[in-house]
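So the chains spell out like this:
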Amino acid sequence: MKRLFFIVFILLVLSCFNSSNACSIFVTEFTVYIKSTIVGEDVTLRCQSKDDDFGYHVLNSSKVDYDWSFCQNFWGSTLYFCHFWRPNYEQVFDVFNNTIVKHCIQGTFDDNICSYEVRDDGFYLFKQDNYVWVKWFDWKQASSTELPKEYTLSP
Ligand SMILES: *[C@@H]1O[C@H](CO)[C@@H](O)[C@H](O)[C@H]1NC(C)=O
Ligand SMILES: *[C@@H]1O[C@H](CO)[C@@H](O)[C@H](O)[C@H]1NC(C)=O
């Protein structure tokens, strides 16, 4: 029994120093990847969680995508949401939560990716579990493009 504990301990220590996966053995690494396919129009987005605010970023032909990676917390309560703006439209929704997680898992520990496409007619999620793109949200008509007053782009 002591030996078993020792082996488990060594595995835990090793997992903390495993350079290919930034997360420890108890948590899984995820990437949220968002790509705009809209031509000739800027899409501005701001993604946040309870603890993080990644600021405002623009997707256009100069930079079509945006992504970040994180370790899902042990309790599985990790949640990220993004707000999107384009001329006359906006939308806000969770891009990562407990319900979405199953669509991001590819079967290996390092390559879990929640992949979104921002299209002219709405937001699509690639369901890794079914290997299909599904429409996740429509754009919501906005009377004005309500970018907040403090709006400045993040580096
Ligand atoms: C894309 O957006 C950035 C940030 O607003 C801007 O600097 C850049 O000129 C834009 N590119 C195009 C092709 O509009
Ligand atoms: C997760 O986010 C989706 C929208 O992307 C929403 O439909 C769903 O209700 C959310 N699940 C939870 C548990 O909040």
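Report follows, based on the coordinates.

The rules behind each value
Residues numbered from 1 in each chain as written. Chains lettered and ligands numbered in written order. Predicted model: local features only at pLDDT ≥ 70, side-chain atom pairs only at ≥ 80, totals over all residues. Heavy atoms only, no water. Buried < 20%, exposed > 50% of the residue type's maximum accessible area, 1.4 Å probe, protein only. Helix = DSSP H or I, 4+ residues; strand = E, 2+ residues; numbered from the N terminus. Pairing = 2+ DSSP bridges. Near = heavy atom within 4 Å. Polar contact = N/O pair within 3.5 Å; in protein donor to acceptor, adjacent residues only side chain to side chain. Areas by Shrake-Rupley, 256 points an atom, 1.4 Å probe, with all protein chains shown as cover. Nonpolar A, V, L, I, M, F, W, Y, C, P; charged D, E, K, R; others polar. Core = buried A, V, L, I, M, F, W, Y, C linked by side-chain atoms within 4.5 Å. Contact = heavy atoms within 4.5 Å. Phe/Tyr/Trp six-rings, centres within 6.5 Å; stacked < 30°, edge-to-face > 60°. Lys NZ or Arg CZ within 6 Å of the ring centre and 35° of its normal.

Here we look at the pairing of strand 3 (residues 53-59)
Here is step 1: Buried residues dominate strand 3, accounting for five of its seven residues.
Here is step 2: Strand direction decides the pairing type here: strand 2 (residues 43-48) and strand 3, joined by five bridges, are antiparallel. Residue threonine 44 lies in a different strand from strand 3, and its bridge partner there is valine 58.
Here is step 3: From the end of strand 2 to the start of strand 3, which pair antiparallel, there are four residues.

Some points on the site of ligand 1
Here is step 1: All residues in the neighbourhood of ligand 1 are listed as Val58, Asn60, Ser61, Ser62 and Leu153.
Here is step 2: Contact between ligand 1 and asparagine 60: an oxygen atom at 2.3 Å from a side-chain N or O atom of the residue.
Here is step 3: Protein chains bury 44% of the 360 Å² of accessible surface belonging to ligand 1 in isolation.
Here is step 4: Residues of the shell around ligand 1, tallied by class, amount to two nonpolar, three polar and no charged.

With respect to the nonpolar core
Here is step 1: In terms of nonpolar packing, the biggest core is built from 26 residues, with Val32, Ile34, Trp68, Phe84 and Tyr116 touching the most fellow members.
Here is step 2: At the level of elements, strand 1 (29-36), strand 2, strand 4 (65-71), strand 5 (80-86), strand 6 (89-96), strand 7 (112-119) and strand 8 (122-127) are the ones that each hand at least two residues to this core.
Here is step 3: Sequence-distant contacts of phenylalanine 84, defined by excluding residues within four places in its chain, comprise Ile34, Val43, Thr44, Leu45, Tyr89, Glu90, Gln91, Phe93, Val118, Phe123 and Trp139.

Overview of the packing of aromatic side chains
Here is step 1: Enumeration over the complete set of coordinates arrives at 19 aromatic pairs.
Here is step 2: One aromatic cluster is present, formed by Phe30, Phe54, Tyr66, Trp68, Phe70, Tyr80 and Phe96 through successive ring pairs.
Here is step 3: Its end group placed over the ring of tryptophan 139, arginine 86 keeps NZ or CZ at 5.0 Å from the ring centre.
Here is step 4: Sitting above the plane of the tryptophan 133 ring, arginine 119 keeps its charged end 5.4 Å from the centroid.

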